[in-house]
Amino acid sequence: MAHLDIRGLVARYNNATVLDGIDLSIERGEIVSLIGPSGSGKSTLLRVISGLLPPREGTVSLAGETINYADRRSLRRSRDKLAIVFQQYNLFGNMNVLRNVMVAPVTIQKRDKKTVEAEARALLDKVGLGDKLTSYPDELSGGQQQRVAIARALCLKPDILLLDEVTSALDPERVGEVLDTVKMLAADNMTLLIVSHEMGFVREVSHRVAFMADGKIQEMGPPAQIFGAPQQPRTQAFVSRILGH
Amino acid sequence: MHYVLHYGQIAPYLPYLIGGMAISLALSVLSFIGGMVLGLFFAVIRNEGHPILSRLVRIYVAFFTNTPQLVQIYVIYFGLPDFGILFSPFAAVLIGMTLNAAAYLTEILRAGLGTVHAQELDAAETLGMNRLQTLRHVTLPHLFRVAMPALTNQYILMTLGTSMASIFGVEELTGRAFNINSTTFRSIEIFTTVAVLYVVVTFIATILLALVGRWAFRARVPVL
Ligand SMILES: Nc1ncnc2c1ncn2[C@@H]1O[C@H](COP(=O)(O)OP(=O)(O)OP(=O)(O)O)[C@@H](O)[C@H]1O
Ligand SMILES: [Mg+2]
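Analysis parameters
- Residues numbered from 1 in each chain as written.
- Chains lettered and ligands numbered in written order.
- Predicted model: local features only at pLDDT ≥ 70, side-chain atom pairs only at ≥ 80, totals over all residues.
- Heavy atoms only, no water.
- Helix = DSSP H or I, 4+ residues; strand = E, 2+ residues; numbered from the N terminus.
- Rg over C-alpha atoms; globule rule 2.2 N^0.38 Å.
- Buried < 20%, exposed > 50% of the residue type's maximum accessible area, 1.4 Å probe, protein only.
- Contact = heavy atoms within 4.5 Å.
- Areas by Shrake-Rupley, 256 points an atom, 1.4 Å probe, with all protein chains shown as cover.
- Lys, Arg positive; Asp, Glu negative; His and termini not counted.
- Charge placed at Lys NZ, Arg CZ, Asp CG, Glu CD.
- Pairing = 2+ DSSP bridges.
- Axes fitted to C-alpha atoms, helices over the stretch in contact; angles between N-to-C directions.
- pLDDT = per-residue confidence, 0-100.
- 1 Å grid on protein atoms, 1.4 Å probe; cavity = no way out; pocket = protein on both sides within 12 Å on 5 of 7 lines; lining within 4 Å.
- Points joined across faces, edges and corners; volume = space filled by probe spheres on them.
- Nonpolar A, V, L, I, M, F, W, Y, C, P; charged D, E, K, R; others polar.
- UniProt positions renumbered as here; feature names shortened; annotations may be inferred.
- Near = heavy atom within 4 Å.
- Polar contact = N/O pair within 3.5 Å; in protein donor to acceptor, adjacent residues only side chain to side chain.
- Core = buried A, V, L, I, M, F, W, Y, C linked by side-chain atoms within 4.5 Å.

The name an unreviewed UniProt entry gives chain B is Amino acid ABC transporter permease, with Acidisoma cellulosilyticum as the organism.

Novice: Lay out the overall build of chain A in plain terms, naming residues and giving numbers.
Specialist: Broken down by element type, chain A carries 9 helices and 10 strands. Radius of gyration (C-alpha) of chain A: 18 Å, near the 18 Å computed for a compact globule of 245 residues. For chain A, the C-alpha atoms occupy an extent of roughly 55 × 45 × 35 Å along the three principal directions. Residues counted as buried form 54% of the 245 residues belonging to chain A. A sequence separation of at least 24 residues applies to 65% of the contacts in chain A between residues at least 6 apart. When the accessible surface of chain A is totalled, it reaches about 10500 Å², and 46% of it is carbon and sulfur. A distance of 5 Å separates the average location of the 30 positive side-chain charges in chain A from that of its 28 negative side-chain charges.

Novice: An account of the sheet that holds strand 6 (residues 82-85) of chain A is requested, with residue identities and associated values reported.
Specialist: Residue and element names in this part refer to chain A. The strand order across the open sheet formed by 6 strands is 6-7-8-3-9-10, and the pairing between neighbours is mixed. Looking along the sheet, the strands with just one partner apiece sit at the ends: strand 6 and strand 10 (216-221). Within the sheet, the average angular offset between the axes of one strand and its neighbour, ignoring direction, is 20°. Of the strand pairs in this sheet, strand 9 (residues 208-213) and strand 10 are connected by 5 bridges, and their pairing is antiparallel. When the bridges of strand 10 are listed, Met212 appears paired with Ile217. On the sheet, helix 5 (residues 142-155) packs against strand 6 and strand 7 (160-164) and is oriented at approximately 170° with respect to strand 6.

Novice: Let's hear about the confidence of the model for chain B: which residues, and what values?
Specialist: A low pLDDT score tells you not to read the predicted coordinates there in detail. Summarising the model, chain B shows a mean pLDDT of 91, and 98% of its residues fall at 70 or more. Overall fold confidence (pTM) sits at 0.83, and the ipTM for the predicted complex is 0.88.

Novice: An account of the layout of surface pockets is needed here, citing residue identities and associated values.
Specialist: The gaps of empty space that remain are located by a probe, the size of a water molecule, rolled over the atoms. All names here are of chain B. The volume enclosed by the largest pocket comes to roughly 860 Å³. Around the largest pocket, the lining is made up of 29 residues, and of these Glu125, Met129, Asn130, Arg131 and Thr134 lie nearest the centre. Of all the elements, helix 7 (residues 131-161) adds the most residues to the lining of the largest pocket, at 6 residues. Residue composition of the lining of the largest pocket, by class: 13 nonpolar, 8 polar and 8 charged.

Novice: Lay out the UniProt feature "domain: ABC transmembrane type-1" (unreviewed entry) in chain B with the relevant residues and their values.
Specialist: According to UniProt, the "domain: ABC transmembrane type-1" (unreviewed entry) feature falls on residues 21-209 of chain B. End C-alpha to end C-alpha, residues 21-209 of chain B measures 19 Å, and it is 82% helix and 0% strand.

Novice: Account for the site of ligand 1, with residues named and values stated.
Specialist: Residue and element names in this part refer to chain A. By nearness alone, every residue bordering ligand 1 is listed as Tyr13, Val18, Pro37, Ser38, Gly39, Ser40, Gly41, Lys42, Ser43, Thr44, Glu165 and His197. One nitrogen or oxygen atom from the side chain of Ser38 is found 2.5 Å from an oxygen atom belonging to ligand 1. Here an oxygen atom of ligand 1 and a side-chain polar atom of Thr44 are 2.5 Å apart. Looking at the shell around ligand 1, the element that brings in the most residues is helix 1 (residues 42-49), giving 3 residues. Looking at the shell around ligand 1 residue by residue, the classes come out as 3 nonpolar, 7 polar and 2 charged.

Novice: Account for the nonpolar core, with residues named and values stated.
Specialist: General note: in soluble globular proteins, nonpolar side chains tend to be found buried as a group. Counting residues in each nonpolar core, the largest one holds 41 residues, and the members touching the most others are A:Leu4, A:Ile6, A:Leu45, A:Ile49, A:Phe92 and A:Leu193. In this structure, A:Leu124, A:Leu129, A:Val178 and A:Met190 belong to the second largest nonpolar core, which totals 38 residues.

Here's what the structure looks like:
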C-alpha cells in the first residue's frame with residue numbers, strides 16, 4: 001500500500017483551477033521531489049495535502065486512510081502523521097527555539113512535557129542547534145530558523161514530511177546546512193515530498209522526480225530520466241533552461 | 001503681581017488628593033481592561049467575522065471615535081434615565097470610557113492583527129492548533145508585542161481623560177482639586193500639584209507597561 005496516495009486531485013483559488021487532476025503515489029520511505037516553473041501549483045499541492053486548502057475533487061490517502069478535509073477529527077489525525085515546513089516565517093516569533101519545538105506536542109498532542117523536552121533537545125542537537133535553545137527566531141539566521149522548523153515538524157513524530165522550498169529564502173552559504181539536515185532525514189527512512197529549486201540536491205536525494213506544469217504532473221521518473229533523458233518536450237525545455245545548457 | 005506661593009496651605013490636602021488619584025486610577029485601569037476585552041473581540045470580528053457583524057463593528061467604531069467622549073457620557077448619564085436606566089456618576093463615566101476605549105482599541109488591535117505573518121498562522125494550523133489555541137499561543141502574544149507602544153499611549157490618554165469625570169461629580173483627582181480650590185482659593189498651588197500627580201501616575205504607568213511589554217511579550221519599547 002502506498003504511504004501517500006493522491007488521486008484525481010483538483011484545487012481552485014476562486015475560479016482559477018490551480019491543480020488540474022493530480023495523481024501521485026509515494027511509497028513508505030520514498031523521497032519524491034516536485035519541480036516545475038513558478039506558478040505551476042507545487043506549493044498549492046502541498047497546501048491541499050496538509051489541509052490548508054480543501055480540494056474540490058479527488059482524494060488524498062495516508063497509509064490507506066482517506067483524509068476527509070471537511071471533518072476536523074480526520075484532519076487532526078492526518079496532522080499527527082504529516083508535517084509541513086514552508087519557505088520562511090515558519091517559527092512563532094514570540095517563542096524561543098525550545099518552545100517553538102515543544103508547543104505542538106505539549107498543547108495539542110498532550111504529551112508529557114518532560115519527555116517532549118528531552119526529545120526536543122535531542123532533535124535540536126541533531127540539527128546542530130543545541131546551543132540555541134533559548135534564542136528567539138529573530139536572533140537566528142535564516143538557515144538556523146529553517147532547521148528549527150524542521151526539528152519542530154519532527155517533534156510531532158510524523159511519518160511524512162512535506163518541504164516547500166525550505167532553502168529558497170536563504171543566502172547561498174546557508175543552503176548547504178539545511179540540505180544536510182534534509183539528507184539526514186532521508187537516511188532515517190522518512191517519507192519525503194520535497195518542492196525545491198536546488199536541482200543538484202533534488203538529483204542527489206530523490207528516488208523519483210515529478211515535473212509539474214499547468215497544475216498537472218507532466219512527467220515523473222527517476223532523477224536520471226528527468227535530468228538526463230526527459231521524455232516530454234516541456235520537461236526537456238524546463239530542465240535545459242534550469243540546468244543552464 | 002504680588003501673589004506669594006503657599007504650597008504649605010495645601011499640604012494637608014495631599015492625602016485627600018492622593019485618594020482622588022486612586023479613583024482616577026480605578027477609572028482608567030478598569031475602563032482600559034474592559035475596553036481591551038471588548039476591543040479584542042471587536043477586532044477579531046472586524047478582521048474575520050461575518051460581514052454583517054464586521055459592518056456593525058465599523059459603525060460602532062466610527063460613532064465612538066467621531067463624537068466627543070463628554071457627549072457620550074452625557075447621553076449615558078443624563079439620557080438613559082429617560083428610559084429608566086440609572087447610573088451613579090462613577091458607573092456612567094466608567095461605562096462611557098470603556099465603550100469609548102473599546103472603539104479606539106479595536107482599531108489599534110486590528111492593525112496589530114494584520115501584522116501576523118500568514119505563514120505563522122499556516123504553521124499553527126498544520127501543527128494541529130485550533131482557532132482558540134492559535135489565538136492564545138500565536139496571535140495574541142504577537143499582537144501585544146507589536147501593539148504595546150500604541151496601547152501604552154492609549155492608556156495614558158485615558159488616564160488624563162479621567163479628569164472629565166469631575167464634571168459628573170465624581171470626586172477623582174481633578175474633582176477633588178476643584179473642591180479644595182473652592183475653600184482655599186490657592187488655584188496655582190493646587191493645580192500645579194495636581195499636574196505633578198498626573199505626571200507621576202502616567203510616568204509610572206509608562207514604565208510599568210514598558211516592562212510588562214518587554215518581559216512578557218518581548219516588545220521593543222524603550223523603558224524610558
Ligand atoms: N492565495 C492565493 N489566491 C489566489 N491564487 C493563488 C493563491 N496562491 C497561489 N495562487 C495561484 O495559484 C497558482 C499556483 O501557485 P503555487 O504557489 O502553487 O505555484 P508554485 O508552483 O509553488 O510556484 P513557485 O515556484 O513560484 O513557488 C499561481 O498561478 C498563483 O497565482
Ligand atoms: Mg511555491
